[in-house]
Amino acid sequence: MTPLRKRVAERLVESQHTAALLTTFNEIDMTEVIRLRKQYLEQFKEAYGIKLGFMAFFVKAASEALKATPELNAEIREQSIVYRNYYDVGIAVGGGRGLVVPVLRNAERLSFAQIETAVADFAERALANRIELAELQGGTFTISNGGVYGALLSTPIINPPQSGVLGLQVIQDRPVVRDGEVVVRPMMYVALTYDHRIVDGREAVTFLKRVKTGIEEPARILLEV
């Protein structure tokens, strides 16, 4: 095992052995985000020199959802719960030597362009094994996009001492009911794995509903409502 793979293995086993892990699911209609992305794709690329992806929307939506559910941005230290008032979001990316999770510092303050630029840089440097150790430390929450590999459903494992991780799945056209009619929409399952010692089902469902609302009504992300 490489040193990186050995460390990842240790952390995953630690998570399974020390936390009370539970996963809750929801599904998101991606219609509006896809429409918005398509509408502004060229202008965004011309203005910032980077492609507008989906990750920026989810980072923004997750940051707002974490404000409503601070337990998912907290950690347990011995007999205490430590709540944070900042949001350092780890983004899981595939690297040349395995999965790494570099951290977006103060993600709630970043613009869409700053998020997409940072994520693209992480992905490029991860493939070249040039992610610095300091960039992998100190995250308060994690987003893992298994959908890029085609995953329909998965249960991600939290990165201790974090209390939650959001797993994104593949986008698929599926029949859904809207206003009493069956229509086809681009749908995505999302999974939230959380530490049940600190996060209850109410907070988990609230978080996922806030993320769902933010993605299905992206104007809310910009207005922070």
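Structure shown above.
Residues numbered from 1 in each chain as written. Predicted model: local features only at pLDDT ≥ 70, side-chain atom pairs only at ≥ 80, totals over all residues. Heavy atoms only, no water.

Student: Help me out: how do you make sense of the overall build of the protein chain in this one?
Tutor: Along the backbone of the protein chain there are six helices and nine strands. Relative to its length of 225 residues, the protein chain is compact, with a C-alpha radius of gyration of 17 Å against a globular reference of 17 Å. Taken along the three principal axes of its C-alpha coordinates, the protein chain extends 50 × 40 × 30 Å. Here the protein chain, with 225 residues, has 44% of them falling under the buried criterion. A total accessible area of about 11,800 Å² is found for the protein chain, and carbon and sulfur atoms account for 53% of it. (Helix = DSSP H or I, 4+ residues; strand = E, 2+ residues; numbered from the N terminus. Rg over C-alpha atoms; globule rule 2.2 N^0.38 Å. Buried < 20%, exposed > 50% of the residue type's maximum accessible area, 1.4 Å probe, protein only. Areas by Shrake-Rupley, 256 points an atom, 1.4 Å probe, with all protein chains shown as cover.)

Student: Can you walk me through the packing of aromatic side chains in this structure?
Tutor: Across all of its chains, the model carries three aromatic pairs by this definition. Where F57 meets F112, the ring centres are 5.0 Å apart and the plane angle is 75 degrees; that geometry is what we call edge-to-face. Placement of the pair is F57 in helix α3 (residues 55-68) and F112 in helix α4 (residues 112-127), with a sequence separation of 55 residues. On the basis of relative accessibility, which here comes to 14%, the residue F112 falls in the buried class. Measuring from centroid to centroid gives 5.3 Å for F141 and F207, while their planes differ by 50 degrees, and the two rings are tilted. On the criterion of sequence distance, the pair formed by F141 in strand β7 (residues 141-145) and F207 in helix α5 (residues 201-216) is long-range, its members being 66 residues apart. Residues F141 and F207 agree in their burial class; the two are buried. Of note, R174 hangs over the ring of Y189, and the distance from its end group to the ring centre comes to 4.0 Å. (Phe/Tyr/Trp six-rings, centres within 6.5 Å; stacked < 30°, edge-to-face > 60°. Lys NZ or Arg CZ within 6 Å of the ring centre and 35° of its normal.)

Student: What should I look at first to understand the packing of α3 against α4 in this one?
Tutor: Helix-helix packing is characterised by the crossing angle of the two axes and by the distance between the axes. The contact between α3 and α4 brings their axes to 9 Å, and the two run at 115 degrees. Two packed elements cross with a definite hand, and for α3 against α4 that hand is right-handed. Contacts between α3 and α4 involve M55, A56, F57, V59 and K60 on the former and, on the latter, F112, I115, E116 and V119. When grouped by side-chain class, the residues that make up the contact of α3 with α4 number seven nonpolar, no polar and two charged. (Axes fitted to C-alpha atoms, helices over the stretch in contact; angles between N-to-C directions. Left-handed = near helix turned anticlockwise from the far one by under 90°. Contact = heavy atoms within 4.5 Å. Nonpolar A, V, L, I, M, F, W, Y, C, P; charged D, E, K, R; others polar.)

Student: What exactly am I supposed to notice about the pairing of strand β4 (residues 89-95) here?
Tutor: Regular strands show a simple pattern: their side chains alternate between the two faces of the sheet. Counting buried residues in β4 gives six out of seven residues, a clear majority hidden from the surface. Bridge analysis of β4 against strand β5 (residues 98-100) gives three bridges, and the strand direction is antiparallel. Along β5, the bridge assignment pairs V93 with V100. Linking β4 back to β5 in an antiparallel pair, the connection comprises two residues. (Pairing = 2+ DSSP bridges.)

Student: Teacher, can you tell me more about the packing of α3 against α5 here?
Tutor: Where α3 contacts α5, the two axes come as close as 8 Å, and the packing angle between them is 140 degrees. What the angle tells us is that α3 and α5 run oblique. Handedness of the crossing formed by α3 with α5: right-handed. Together, F57, F58, A61, A62, E64, A65, L66 and A68 of α3 and F207, R210, V211 and I215 of α5 make up the contact between the two elements. A per-class count over the contact of α3 with α5 returns ten nonpolar, no polar and two charged. (Parallel < 35°, antiparallel > 145°, perpendicular 65-115°, else oblique.)

Student: Sorry if this is basic, but what is going on with the side chain of E108 here?
Tutor: Mapping E108 onto the fold places it in the loop between β6 (103-104) and α4. Overall, the relative accessible area of 14% leaves E108 in the buried class. A distance of 3.4 Å separates a polar atom in the side chain of E108 from the backbone nitrogen of Y87. When sequence neighbours within four positions are dropped, the list of residues in contact with E108 reads K60, S63, K67, Y86 and Y87. (Polar contact = N/O pair within 3.5 Å; in protein donor to acceptor, adjacent residues only side chain to side chain.)

Keep in mind these values describe shape, not function.
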